[in-house]
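Residue-level structure breakdown
Each chain is listed here by its residues.
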Amino acid sequence: MSPRQSSSGDGSRNGGFWRRCPMARWVYIEDLKQHVGEEVELRGWLHNKRSSGKIRFLIVRDGTGFVQVVAVKNQVAPEVFARLDDLFYEASIILRGKVREDARAPGGVELDLVDLSVVQNPEDYPIPKVREENIPDVGKLLPLRHLWIRGRRQWAILRIRDEVVRALEDFMHARGFIRLDPPILTAMAVEGTTTLFKIDYFGQPAYLSQSGQLYMEALAMSHGKVYSFGPTFRAEKSKTRRHLAEFWMMEPEWAYATLEDLLDLVEDMLVYVVARVLEQRKTELDILERDTSRLEAIRKPFPRITYDDAVKLLQEKGFDFPFGEDFGADEETAISESFDRPVMVTHYPAKIKAFYMKRDPEQPDRARCVDVLAPEGYGEIIGGSEREEDHDTLVRYIQEHNLPLEPYRWYLDLRKYGTVPHAGFGLGLERTVAWITGIHHVRETIPFPRLLDRIYP
RNA sequence: UCCCCGGUAGCUCAAUCGGUAGAGCGGCGGGCUGUUAACCCGUAGGUUGCAGGUUCGAGUCCUGCCCGGGGCGCCA
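Notes on the structure in this doc start here.

Reading the values: rules and limits
- Residue indices begin from 1 for each chain and proceed along its sequence in written order.
- Written order decides the labels, with chains lettered from A and ligands numbered from 1.
- Two thresholds apply to this predicted model, a pLDDT of at least 70 for residue-level local features and 80 or more for giving and counting side-chain atom pairs, whereas whole-chain, interface and lining totals are computed over all residues.
- The side-chain figures draw on all heavy atoms in the structure; neither hydrogens nor water molecules are used.
- Secondary structure counts use DSSP, requiring at least four H or I residues in a row for a helix and at least two E residues in a row for a strand, with both numbered from the N terminus.
- What makes a nonpolar core is a set of buried Ala, Val, Leu, Ile, Met, Phe, Trp, Tyr and Cys residues whose side-chain atoms join them at distances within 4.5 Å.
- Only protein chains enter the accessibility calculation, which uses a 1.4 Å probe; a residue whose area is less than 20% of its type maximum is buried, one above 50% is exposed, and one in between is partly exposed.
- Pairs of residues are marked as contacts when any of their non-hydrogen atoms sit within 4.5 Å.
- Strand pairing requires that DSSP identify at least two bridges connecting the strands.
- A fitted line through C-alpha atoms represents every axis, and for helices the fit uses only the stretch in contact; the resulting angles, taken between N-to-C directions, go from 0 to 180 degrees.

That bond from Lys-300 to Pro-301 is cis: its omega, -5°, falls within 30 degrees of zero. Turning to its location among the elements, Pro-301 is positioned in the loop between α9 (292-296) and β13 (304-306). A cis amide bond links Tyr-456 to the next residue, Pro-457, at an omega of 0°. Mapped onto the secondary structure, Pro-457 falls in the segment after α14 (429-437).

What follows is the structure, encoded as structure tokens:
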């Protein structure tokens, strides 16, 4: 039996509810089209209902989609029909019905109700029936996040998140990278301790990881091409739509690779991920009313510009931008809006970048690095670079950044024993998903966002 | 850390110059055999965030506080 088949149950094994109707097979809404004409069983929740005299329309969701269930008086048992009027939103229900193709239905199929049983009927669901004119504000929705995720938009966003994750993993494996994850508890800072969450580790100070990169460099010297995928933590007091205190990052690290190798990889990767979401998550993009023409434009080649080009671009647009500074949110937006696809900005001034980045031999004040800015003002979704591989140079960089040498002893070992040129990057999952889904704020792209002063639920 | 905006019914919002606190949605009751986050009729629902002040009179003006949102910096 394939994994796919096992997801639809053979009701007879589950006992309880389904013994009552052994002839109807439990199916999921996403599979209904394969059961036209059959009587099937759905197990889900009541999402919405409408009534018109002697006909009732229930919108039922089961996690895989939404479907309309129709009940006409005199065509269903009277006690079943009467039960429908007592149902509240989010009632958990199990129902049997006959699958019928119908051009009027958004998904192409509907169910004619035969029987319905109520698992639980909640009388006071805290999120009101949501209509465009009265969507509660986020201050009220966030404390109800555990219920908010049942909503249509949140459902669509999180399904696309899953697709992005799997697309990234499939792509990396197809390119010969293997997944190996670094520790989350660490004793050292990658870029200084000010933005780290400090914890008590058996009496020793430790931190939640803000990046697994240094460990990934060690793994790259063992496996050549590696990537990690996991949570990272930044104790930044940020209150913007692009920031979370806990977010997920994919961090590839590639031995013997150059900046140019990295740019080619990033380009292929983003093209693949966007195409896969367009192909596999059409329904969800429709729910979100995403302008898919903006996603269809994501093709090779991506523009590659240097920091100097970007500064010139800003100055042409009327920005009073001082050379040598890092771009702020307004600048990133202005740069990205000059292109219809992600723009790769390289060769930033080394002094505004992390200590481990390799300098460009032809311009020693520039780092061999790249920031990828997503279109439509979604900001930086990827940051990467070649890493300095020379031991003594790296020691000097650490000292210049006023970082202690001792915690980096193992990291410096990598440069003492078979050091090679290498490069890697980090991709911010939530920002990438926010861009692809076209939603305004990254907090809706993660199931339970961790924000400044918000850790519940 | 700083700057900006907001807080009125369960939710989203009105309330003119300081002069009787309203509407839509949701709830409840009723109607409708094809609705697409349905529609129609009716109905209940308020310490206007808190504390003070000005005034004949404060949702509205002033002061302080609390809570929320957004932005800056930092970053993915």
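Turning to the nonpolar core, a few remarks are in order. A general feature of soluble globular proteins is that nonpolar side chains tend to end up buried together. Among the nonpolar cores identified, the biggest contains 59 residues, and Val-164, Leu-168, Met-269, Leu-270, Ile-382, Phe-425 and Ile-436 are the most heavily contacted of them. A per-element tally of this core places helix α7 (residues 259-280) first, with 11 residues. In this view, Leu-168 contacts Phe-229, Met-250, Met-269, Val-273, Leu-427 and Leu-429; residues no more than four positions away in its chain are not counted. Residues Tyr-307, Leu-313, Phe-327 and Val-345 belong to the second largest nonpolar core, which totals 32 residues.

Before going further, it helps to examine the sheet that holds strand β10 (residues 204-208). The strand order across the open sheet built from 3 strands is β8-β10-β9, with neighbouring strands paired in antiparallel fashion. Strands with a single pairing partner mark the edges of an open sheet, and in this sheet they are β8 (185-186) and β9 (198-201). Bridge count for β8 against β10 is 2 bridges, and the pairing is antiparallel. Pairing of Thr-186 across the sheet is with Tyr-207, part of β10.

Pairing is mixed across the open sheet formed by 8 strands, whose spatial order is β7-β11-β12-β19-β18-β17-β14-β13. Of all the strands in the sheet, the pair left with one neighbour each is β7 (178-179) and β13. Of the strand pairs in this sheet, strand β18 (residues 379-387) and strand β19 (residues 422-428) are connected by 6 bridges, and their pairing is antiparallel. Residue pairing in the sheet places Glu-386 in a bridge with Ala-423 of β19. Against the sheet, helix α11 (residues 329-336) engages β13, β14 (343-346), β17 (369-374) and β18, with an angle of about 75° to β17. This element, α14, spans β11 (225-233), β12 (246-255), β17, β18 and β19 of the sheet and lies at about 60° to β19.

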